[in-house]
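Commentary on secondary and tertiary structure
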Amino acid sequence: MTSGIEFPTPPAPPDSEHERPTLKTIAAETGLAVATVSRALKDAPDIGEATKRRVREAAARLGYRPNRAGVRLRTGKTNVIALVLSTESDGMTHTSQLIYSIANALRGTAYHLIVTPYFADQDPMDPVRYLVETESADAIILNQTKPDDPRVRYMAERHFPFATHGRTTMEIEHSYYDFDNETFAAIAVQALADAGRKHLLLVPPPRTQNYARHMTTGFVQAAGQHGLSFEVLTTANSDSGSAVIEDAVRAHLTQANPRPDGLLCGSTTAAMSAVNAAEALGLVLGRDFDLVAKEALRFLHRFRREIMVVHEDVREAGDFLARAVVAAVERRDTPAKQGLERPGKVERCNNDKGGRQ
(Lines give C-alpha, C1' and ligand atoms only; values in the text may rest on other atoms or scores of the structure.)
Protein backbone atom coordinates (compact mmCIF):
# COMPACT_ATOMS: atom_id res chain seq x y z
CA MET A 1 0.00 0.00 0.00
CA THR A 2 1.31 3.46 -0.84
CA SER A 3 0.01 6.86 0.12
CA GLY A 4 1.14 10.39 0.78
CA ILE A 5 1.04 11.27 -2.93
CA GLU A 6 0.33 14.95 -3.20
CA PHE A 7 -1.32 15.05 -6.61
CA PRO A 8 -4.75 14.03 -7.90
CA THR A 9 -4.99 11.24 -10.46
CA PRO A 10 -2.93 12.36 -13.50
CA PRO A 11 -3.80 11.99 -17.16
CA ALA A 12 -2.53 8.99 -19.14
CA PRO A 13 1.29 8.94 -19.36
CA PRO A 14 3.02 10.15 -22.53
CA ASP A 15 3.78 7.64 -25.25
CA SER A 16 7.54 7.91 -25.05
CA GLU A 17 10.13 8.66 -22.44
CA HIS A 18 11.30 11.92 -24.07
CA GLU A 19 7.77 13.31 -23.69
CA ARG A 20 7.70 12.63 -19.96
CA PRO A 21 7.17 15.86 -17.98
CA THR A 22 10.18 17.02 -16.03
CA LEU A 23 10.97 19.76 -13.55
CA LYS A 24 11.89 21.95 -16.53
CA THR A 25 8.42 21.35 -18.02
CA ILE A 26 6.78 22.52 -14.78
CA ALA A 27 9.14 25.49 -14.58
CA ALA A 28 8.17 26.54 -18.11
CA GLU A 29 4.48 26.11 -17.27
CA THR A 30 4.65 28.20 -14.09
CA GLY A 31 7.36 30.70 -14.98
CA LEU A 32 9.36 29.68 -11.94
CA ALA A 33 12.97 28.58 -11.68
CA VAL A 34 13.69 24.85 -11.79
CA ALA A 35 15.22 25.04 -8.30
CA THR A 36 12.06 26.67 -6.95
CA VAL A 37 9.89 23.99 -8.54
CA SER A 38 12.08 21.27 -7.06
CA ARG A 39 11.93 22.74 -3.56
CA ALA A 40 8.20 23.33 -3.78
CA LEU A 41 7.61 19.68 -4.63
CA LYS A 42 9.74 18.71 -1.63
CA ASP A 43 7.58 20.90 0.65
CA ALA A 44 10.57 23.04 1.56
CA PRO A 45 9.75 25.39 4.47
CA ASP A 46 11.18 28.45 2.70
CA ILE A 47 8.68 28.16 -0.18
CA GLY A 48 5.30 29.81 0.32
CA GLU A 49 2.10 27.77 0.38
CA ALA A 50 0.67 29.64 -2.62
CA THR A 51 3.75 28.77 -4.68
CA LYS A 52 3.65 25.15 -3.56
CA ARG A 53 -0.01 24.90 -4.53
CA ARG A 54 0.68 26.49 -7.92
CA VAL A 55 3.52 24.03 -8.62
CA ARG A 56 1.50 21.00 -7.52
CA GLU A 57 -1.45 21.99 -9.65
CA ALA A 58 0.82 22.38 -12.67
CA ALA A 59 2.49 19.03 -11.93
CA ALA A 60 -0.90 17.32 -11.70
CA ARG A 61 -2.08 18.97 -14.92
CA LEU A 62 1.03 17.84 -16.76
CA GLY A 63 1.02 14.33 -15.30
CA TYR A 64 4.42 14.75 -13.64
CA ARG A 65 5.82 11.97 -11.47
CA PRO A 66 9.32 12.02 -9.96
CA ASN A 67 11.61 9.28 -11.17
CA ARG A 68 12.18 7.31 -7.96
CA ALA A 69 15.34 5.66 -9.23
CA GLY A 70 16.76 9.03 -10.19
CA VAL A 71 15.85 10.54 -6.83
CA ARG A 72 17.63 7.71 -5.05
CA LEU A 73 20.74 8.05 -7.21
CA ARG A 74 20.91 11.79 -6.64
CA THR A 75 20.04 11.92 -2.96
CA GLY A 76 20.47 8.43 -1.55
CA LYS A 77 16.85 8.63 -0.35
CA THR A 78 13.82 6.54 -1.24
CA ASN A 79 11.17 9.08 -0.16
CA VAL A 80 9.45 6.14 1.54
CA ILE A 81 8.17 6.00 5.11
CA ALA A 82 7.43 2.45 6.31
CA LEU A 83 4.74 1.69 8.89
CA VAL A 84 5.44 -1.72 10.46
CA LEU A 85 2.31 -3.35 11.88
CA SER A 86 1.31 -6.71 13.28
CA THR A 87 -1.38 -8.47 11.25
CA GLU A 88 -3.17 -8.99 14.58
CA SER A 89 -3.65 -5.25 15.15
CA ASP A 90 -7.24 -4.36 15.97
CA GLY A 91 -8.70 -2.75 12.84
CA MET A 92 -11.70 -1.45 14.78
CA THR A 93 -9.52 0.85 16.83
CA HIS A 94 -6.01 1.96 16.06
CA THR A 95 -4.88 0.44 12.81
CA SER A 96 -7.15 2.08 10.26
CA GLN A 97 -6.93 5.46 11.98
CA LEU A 98 -3.15 5.26 12.25
CA ILE A 99 -2.68 4.40 8.58
CA TYR A 100 -5.05 7.16 7.48
CA SER A 101 -3.50 9.85 9.65
CA ILE A 102 0.09 9.08 8.67
CA ALA A 103 -0.81 8.97 4.98
CA ASN A 104 -2.76 12.21 5.29
CA ALA A 105 0.16 13.94 7.00
CA LEU A 106 2.44 12.92 4.13
CA ARG A 107 0.14 14.36 1.48
CA GLY A 108 1.78 17.28 -0.23
CA THR A 109 5.29 16.11 0.67
CA ALA A 110 7.89 14.18 -1.29
CA TYR A 111 7.23 11.11 0.88
CA HIS A 112 4.79 8.27 0.54
CA LEU A 113 3.74 5.51 2.89
CA ILE A 114 4.14 1.77 2.68
CA VAL A 115 2.62 -0.62 5.23
CA THR A 116 4.83 -3.58 6.10
CA PRO A 117 3.01 -6.33 8.02
CA TYR A 118 4.40 -9.14 10.09
CA PHE A 119 2.62 -12.24 11.35
CA ALA A 120 2.09 -13.75 14.79
CA ASP A 121 4.58 -16.55 14.12
CA GLN A 122 7.20 -14.15 12.78
CA ASP A 123 9.98 -12.35 14.63
CA PRO A 124 8.95 -8.66 14.82
CA MET A 125 12.57 -7.81 14.07
CA ASP A 126 12.36 -9.38 10.59
CA PRO A 127 10.61 -6.52 8.74
CA VAL A 128 12.71 -3.92 10.54
CA ARG A 129 15.96 -5.62 9.60
CA TYR A 130 14.82 -5.99 6.00
CA LEU A 131 13.87 -2.32 5.64
CA VAL A 132 17.08 -1.09 7.22
CA GLU A 133 19.52 -3.49 5.56
CA THR A 134 18.01 -3.11 2.07
CA GLU A 135 17.54 0.65 2.51
CA SER A 136 13.97 0.21 1.32
CA ALA A 137 12.73 3.17 3.35
CA ASP A 138 14.06 6.43 4.74
CA ALA A 139 12.35 5.97 8.11
CA ILE A 140 10.20 3.53 10.06
CA ILE A 141 7.18 4.02 12.28
CA LEU A 142 6.18 1.14 14.54
CA ASN A 143 3.72 0.47 17.33
CA GLN A 144 3.07 -2.13 20.04
CA THR A 145 6.29 -1.20 21.79
CA LYS A 146 7.75 -3.42 24.49
CA PRO A 147 9.41 -2.10 27.65
CA ASP A 148 12.81 -3.22 26.32
CA ASP A 149 12.20 -3.26 22.58
CA PRO A 150 14.97 -4.77 20.44
CA ARG A 151 13.63 -2.96 17.35
CA VAL A 152 14.23 0.40 19.02
CA ARG A 153 17.73 -0.59 20.09
CA TYR A 154 18.57 -1.92 16.61
CA MET A 155 17.50 1.27 14.80
CA ALA A 156 19.04 3.58 17.39
CA GLU A 157 22.40 1.80 17.15
CA ARG A 158 22.33 2.19 13.36
CA HIS A 159 21.18 5.83 13.52
CA PHE A 160 18.21 4.94 11.35
CA PRO A 161 15.34 7.47 11.55
CA PHE A 162 12.30 6.11 13.34
CA ALA A 163 9.43 6.93 15.66
CA THR A 164 7.16 4.77 17.79
CA HIS A 165 3.51 4.81 18.70
CA GLY A 166 4.11 4.07 22.34
CA ARG A 167 6.96 4.49 24.81
CA THR A 168 9.59 2.11 26.16
CA THR A 169 11.47 1.96 29.45
CA MET A 170 14.80 2.13 27.62
CA GLU A 171 17.25 4.98 28.11
CA ILE A 172 17.27 5.70 24.40
CA GLU A 173 16.19 9.13 23.24
CA HIS A 174 13.82 8.79 20.29
CA SER A 175 10.63 10.23 18.84
CA TYR A 176 7.36 8.80 20.09
CA TYR A 177 3.72 9.60 20.59
CA ASP A 178 1.72 7.84 23.28
CA PHE A 179 -1.61 7.83 25.04
CA ASP A 180 -1.58 8.29 28.82
CA ASN A 181 -3.05 4.92 29.73
CA GLU A 182 -2.31 5.36 33.42
CA THR A 183 -4.54 8.41 33.56
CA PHE A 184 -7.12 6.64 31.39
CA ALA A 185 -7.37 3.81 33.92
CA ALA A 186 -7.57 6.25 36.82
CA ILE A 187 -10.47 8.26 35.39
CA ALA A 188 -12.21 5.02 34.35
CA VAL A 189 -12.02 3.74 37.94
CA GLN A 190 -13.32 7.11 39.15
CA ALA A 191 -16.31 6.80 36.80
CA LEU A 192 -17.06 3.27 38.01
CA ALA A 193 -16.78 4.37 41.64
CA ASP A 194 -19.14 7.28 40.94
CA ALA A 195 -21.58 4.75 39.47
CA GLY A 196 -21.54 2.87 42.78
CA ARG A 197 -19.48 -0.09 41.61
CA LYS A 198 -17.43 -1.93 44.23
CA HIS A 199 -15.76 -4.88 42.53
CA LEU A 200 -13.71 -4.12 39.42
CA LEU A 201 -12.19 -6.23 36.65
CA LEU A 202 -9.60 -5.04 34.12
CA VAL A 203 -9.28 -6.70 30.70
CA PRO A 204 -5.67 -5.57 30.20
CA PRO A 205 -3.51 -5.09 27.11
CA PRO A 206 -0.98 -7.83 26.29
CA ARG A 207 1.53 -7.91 29.12
CA THR A 208 4.46 -7.86 26.68
CA GLN A 209 3.51 -4.34 25.57
CA ASN A 210 4.64 -1.33 27.53
CA TYR A 211 1.27 0.39 27.76
CA ALA A 212 -0.11 -2.61 29.67
CA ARG A 213 2.09 -1.57 32.58
CA HIS A 214 0.75 1.97 32.50
CA MET A 215 -2.89 0.89 32.34
CA THR A 216 -2.53 -1.75 35.05
CA THR A 217 -0.68 0.65 37.35
CA GLY A 218 -3.36 3.31 36.97
CA PHE A 219 -6.11 0.75 37.55
CA VAL A 220 -4.58 -0.80 40.67
CA GLN A 221 -3.63 2.52 42.26
CA ALA A 222 -7.00 4.17 41.62
CA ALA A 223 -8.98 1.14 42.83
CA GLY A 224 -6.93 1.09 46.02
CA GLN A 225 -7.47 4.81 46.59
CA HIS A 226 -11.24 4.36 46.27
CA GLY A 227 -11.27 1.30 48.53
CA LEU A 228 -12.59 -0.97 45.78
CA SER A 229 -11.78 -4.64 45.28
CA PHE A 230 -10.14 -5.35 41.95
CA GLU A 231 -8.77 -8.10 39.72
CA VAL A 232 -6.83 -8.19 36.47
CA LEU A 233 -7.97 -10.81 33.96
CA THR A 234 -5.18 -13.27 33.20
CA THR A 235 -6.88 -15.66 30.77
CA ALA A 236 -7.27 -13.13 27.93
CA ASN A 237 -6.15 -9.64 27.01
CA SER A 238 -7.63 -6.75 25.07
CA ASP A 239 -5.95 -7.91 21.85
CA SER A 240 -7.20 -11.50 22.09
CA GLY A 241 -9.82 -12.66 19.65
CA SER A 242 -13.40 -11.76 20.52
CA ALA A 243 -14.35 -15.39 21.24
CA VAL A 244 -11.37 -15.81 23.58
CA ILE A 245 -12.22 -12.62 25.48
CA GLU A 246 -15.90 -13.53 25.70
CA ASP A 247 -15.16 -17.01 27.08
CA ALA A 248 -12.63 -15.67 29.59
CA VAL A 249 -14.91 -12.91 30.90
CA ARG A 250 -17.93 -15.21 31.11
CA ALA A 251 -15.92 -17.78 33.07
CA HIS A 252 -14.63 -15.10 35.43
CA LEU A 253 -18.07 -13.60 36.02
CA THR A 254 -19.41 -17.08 36.74
CA GLN A 255 -16.68 -18.12 39.16
CA ALA A 256 -15.63 -14.91 40.93
CA ASN A 257 -17.04 -14.16 44.38
CA PRO A 258 -17.91 -11.37 44.66
CA ARG A 259 -18.79 -11.06 41.00
CA PRO A 260 -17.31 -7.95 39.33
CA ASP A 261 -19.83 -5.16 38.79
CA GLY A 262 -17.43 -2.73 37.09
CA LEU A 263 -15.35 -3.61 34.01
CA LEU A 264 -12.52 -1.68 32.35
CA CYS A 265 -11.50 -2.62 28.79
CA GLY A 266 -8.56 -1.38 26.75
CA SER A 267 -10.07 -1.93 23.30
CA THR A 268 -13.32 -1.85 21.37
CA THR A 269 -13.19 -5.61 20.76
CA ALA A 270 -12.65 -6.30 24.46
CA ALA A 271 -15.57 -4.07 25.44
CA MET A 272 -18.02 -5.68 23.02
CA SER A 273 -16.90 -9.17 23.95
CA ALA A 274 -17.17 -8.43 27.68
CA VAL A 275 -20.69 -7.06 27.27
CA ASN A 276 -21.71 -10.13 25.26
CA ALA A 277 -20.29 -12.39 27.96
CA ALA A 278 -22.17 -10.61 30.74
CA GLU A 279 -25.43 -10.49 28.81
CA ALA A 280 -25.18 -14.21 28.07
CA LEU A 281 -25.37 -14.68 31.86
CA GLY A 282 -28.49 -12.53 32.07
CA LEU A 283 -26.73 -9.44 33.43
CA VAL A 284 -27.94 -6.02 32.33
CA LEU A 285 -25.46 -3.25 31.46
CA GLY A 286 -26.18 -0.16 33.53
CA ARG A 287 -28.10 -2.13 36.14
CA ASP A 288 -26.00 -5.13 37.16
CA PHE A 289 -22.67 -3.79 35.94
CA ASP A 290 -21.01 -0.82 34.25
CA LEU A 291 -18.19 -0.80 31.73
CA VAL A 292 -15.61 1.80 30.67
CA ALA A 293 -13.66 1.36 27.45
CA LYS A 294 -11.12 3.19 25.33
CA GLU A 295 -11.79 3.59 21.62
CA ALA A 296 -10.34 5.39 18.60
CA LEU A 297 -13.44 5.18 16.39
CA ARG A 298 -16.67 6.43 17.88
CA PHE A 299 -18.58 3.20 17.69
CA LEU A 300 -19.34 1.79 21.13
CA HIS A 301 -22.31 4.04 21.88
CA ARG A 302 -23.94 2.63 18.76
CA PHE A 303 -23.37 -0.87 20.15
CA ARG A 304 -24.62 -0.11 23.69
CA ARG A 305 -25.51 3.39 24.79
CA GLU A 306 -24.76 2.55 28.43
CA ILE A 307 -21.05 1.96 27.85
CA MET A 308 -18.82 4.70 29.26
CA VAL A 309 -16.17 5.72 26.75
CA VAL A 310 -12.82 7.52 26.71
CA HIS A 311 -11.75 8.62 23.23
CA GLU A 312 -8.18 8.23 21.97
CA ASP A 313 -7.18 10.53 19.11
CA VAL A 314 -5.10 8.18 16.97
CA ARG A 315 -5.30 10.62 14.07
CA GLU A 316 -3.32 13.13 16.08
CA ALA A 317 -0.80 10.40 16.88
CA GLY A 318 -0.32 9.49 13.21
CA ASP A 319 0.09 13.11 12.18
CA PHE A 320 2.67 13.68 14.93
CA LEU A 321 4.66 10.55 14.06
CA ALA A 322 4.72 11.30 10.33
CA ARG A 323 6.06 14.78 10.91
CA ALA A 324 8.61 13.49 13.43
CA VAL A 325 10.16 10.98 11.04
CA VAL A 326 10.22 13.41 8.13
CA ALA A 327 12.05 15.89 10.37
CA ALA A 328 14.48 13.14 11.37
CA VAL A 329 15.17 12.23 7.74
CA GLU A 330 15.70 15.80 6.60
CA ARG A 331 17.44 17.20 9.70
CA ARG A 332 19.21 14.35 11.45
CA ASP A 333 20.50 16.58 14.23
CA THR A 334 16.96 17.62 15.20
CA PRO A 335 16.16 16.58 18.79
CA ALA A 336 13.69 13.72 19.16
CA LYS A 337 10.08 14.82 19.19
CA GLN A 338 7.80 13.33 21.84
CA GLY A 339 4.10 13.68 22.53
CA LEU A 340 1.68 12.32 25.11
CA GLU A 341 -2.09 12.53 24.74
CA ARG A 342 -3.88 13.22 28.00
CA PRO A 343 -7.30 11.55 27.99
CA GLY A 344 -10.34 13.74 28.40
CA LYS A 345 -13.51 13.05 30.28
CA VAL A 346 -15.41 9.80 30.39
CA GLU A 347 -18.26 10.15 27.91
CA ARG A 348 -21.71 8.83 28.78
CA CYS A 349 -24.66 8.54 26.48
CA ASN A 350 -27.44 7.58 28.92
CA ASN A 351 -29.44 9.27 31.65
CA ASP A 352 -29.83 6.31 33.98
CA LYS A 353 -28.99 6.14 37.67
CA GLY A 354 -30.28 9.50 38.76
CA GLY A 355 -29.57 11.28 35.51
CA ARG A 356 -25.78 10.95 35.51
CA GLN A 357 -24.27 12.42 32.34
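Residues numbered from 1 in each chain as written. Predicted model: local features only at pLDDT ≥ 70, side-chain atom pairs only at ≥ 80, totals over all residues. Heavy atoms only, no water.

So, about the overall build of the protein chain. On a plain count of helices and strands, the protein chain comes out with 14 helices and 12 strands. Residues counted as buried form 51% of the 357 residues belonging to the protein chain. Here the analysis covers contacts within the protein chain between residues at least 6 apart in sequence; of these, 68% occur between residues at least 24 apart. (Helix = DSSP H or I, 4+ residues; strand = E, 2+ residues; numbered from the N terminus. Buried < 20%, exposed > 50% of the residue type's maximum accessible area, 1.4 Å probe, protein only. Contact = heavy atoms within 4.5 Å.)

With that out of the way, let us pick up the pairing of strand 6 (residues 175–179). Within strand 6, 5 of the 5 residues are buried, which leaves the element mostly enclosed by the surrounding structure. Of the two faces of strand 6, the one holding Ser 175, Tyr 177 and Phe 179 and the one holding Tyr 176 and Asp 178 are both buried throughout. Relative to strand 6, strand 5 (residues 162–165) is paired through 3 bridges, and the arrangement is parallel. Bridge assignment links His 165 to a residue of strand 6, and that residue is Tyr 177. Bridging between strand 6 and strand 12 (residues 338–341) involves 4 bridges; their strand directions are parallel. Directly across from Asp 178, in strand 12, lies its bridge partner Leu 340. (Pairing = 2+ DSSP bridges.)

Here the structure, examined in full by the defined rule, presents 18 salt bridges. A salt bridge links Glu 29 to Arg 61, with the shortest nitrogen-to-oxygen separation between them at 3.1 Å. Of the two residues, Glu 29 sits in helix 1 (residues 23–30) while Arg 61 sits in helix 3 (residues 49–62), which places them 32 residues apart along the sequence. A relative accessible area of 43% places Glu 29 in the partly exposed class. We note a salt bridge from Lys 52 to Glu 49, for which the minimum N-O separation is 3.5 Å. Taken as a pair, Lys 52 and Glu 49 lie in helix 3 at a separation of 3 residues, close to a single helical turn. (Salt bridge = Lys/Arg side-chain N within 4 Å of Asp/Glu carboxyl O.)

The next subject is the environment of Lys 77. With respect to the element layout, Lys 77 can be found in the loop between helix 4 (68–75) and strand 2 (80–86). A C-alpha to C-alpha distance of 8.5 Å links Lys 77 and Glu 135, two positions 58 residues apart in sequence.

Okay, the nonpolar core next. Core analysis: the largest hydrophobic core is formed by 26 residues, its most contacted members being Val 249, Cys 265, Leu 291 and Ile 307. Mapped onto this core, the elements with two or more residues apiece are strand 7 (199–203), helix 10 (242–255), strand 9 (262–265), helix 11 (268–280), strand 10 (290–295) and helix 12 (300–303). In terms of residue count, the dominant contributor to this core is helix 11 (7 residues). Look past the residues within four positions of Leu 291 in its chain and what remains in contact with it is Leu 192, Leu 263, Cys 265, Ala 271, Ala 274, Val 275, Leu 285, Ile 307 and Met 308. By size, the runner-up hydrophobic cluster in this structure holds 24 residues, among which are Leu 106, Ala 110, Val 314 and Leu 321. (Core = buried A, V, L, I, M, F, W, Y, C linked by side-chain atoms within 4.5 Å.)

Within the fold, Asp 290 resides in strand 10. Judged by its relative accessible area of 0%, Asp 290 is buried. A polar contact is formed between the side chain of Asp 290 and the side chain of Arg 197, at a distance of 2.9 Å. (Polar contact = N/O pair within 3.5 Å; in protein donor to acceptor, adjacent residues only side chain to side chain.)

Where two aromatic rings form a pair, the distance of their centres and the angle of their planes describe that pair. Under the defined criterion, the tally for this structure stands at 3 aromatic pairs. Plain terms: the ring middles of Tyr 177 and Phe 320 are 5.0 Å apart, the flat faces sit at 50° to each other, and that makes the pair tilted. In this pair, Tyr 177 sits in strand 6 while Phe 320 sits in helix 13 (residues 314–330), placing the two residues 143 residues apart along the sequence. Using a relative accessible area of 21% as the deciding quantity, one classes Phe 320 as partly exposed. Note on Phe 219 and Phe 230: the rings are 5.9 Å apart at their centroids and 85° apart in plane angle, and the pair reads as edge-to-face. Of this pair, Phe 219 sits in helix 9 (residues 210–225) while Phe 230 sits in strand 8 (residues 229–232), and the two are 11 residues apart along the sequence. We note Lys 294 situated over the ring of Phe 184; from NZ or CZ to the ring centre the distance is 5.9 Å. The ring centre of Phe 303 lies 4.3 Å from the NZ or CZ of Arg 304, which sits over that ring. (Phe/Tyr/Trp six-rings, centres within 6.5 Å; stacked < 30°, edge-to-face > 60°. Lys NZ or Arg CZ within 6 Å of the ring centre and 35° of its normal.)

Taking 1.5 Å of rise per residue, 17 residues should cover 24 Å, and helix 13 covers 24 Å from first to last C-alpha, within 8% of that figure. Every buried residue belonging to helix 13 is among Val 314, Ala 317, Gly 318, Leu 321, Ala 322, Ala 324, Val 325, Val 326, Ala 327 and Val 329, and all of these are buried. Contact partners of the buried residues in helix 13: strand 2, helix 5 (94–106), strand 4 (139–143), strand 5 and strand 6. (Expected span 1.5 Å × (residues − 1).)

At a closest axis distance of 7 Å, the pairing of helix 5 and helix 13 adopts a crossing angle of 45°. In terms of orientation, helix 5 lies oblique with respect to helix 13. Along this stretch, helix 5 crosses helix 13, giving a crossing that reads as right-handed. Where helix 5 abuts helix 13, its residues His 94, Gln 97, Leu 98, Tyr 100, Ser 101, Ile 102, Ala 105 and Leu 106 lie against Val 314, Arg 315, Gly 318, Asp 319, Leu 321, Ala 322, Arg 323 and Val 326. Residues that form the contact of helix 5 with helix 13 fall into these classes: 9 nonpolar, 4 polar and 3 charged. (Axes fitted to C-alpha atoms, helices over the stretch in contact; angles between N-to-C directions. Parallel < 35°, antiparallel > 145°, perpendicular 65-115°, else oblique. Left-handed = near helix turned anticlockwise from the far one by under 90°. Nonpolar A, V, L, I, M, F, W, Y, C, P; charged D, E, K, R; others polar.)

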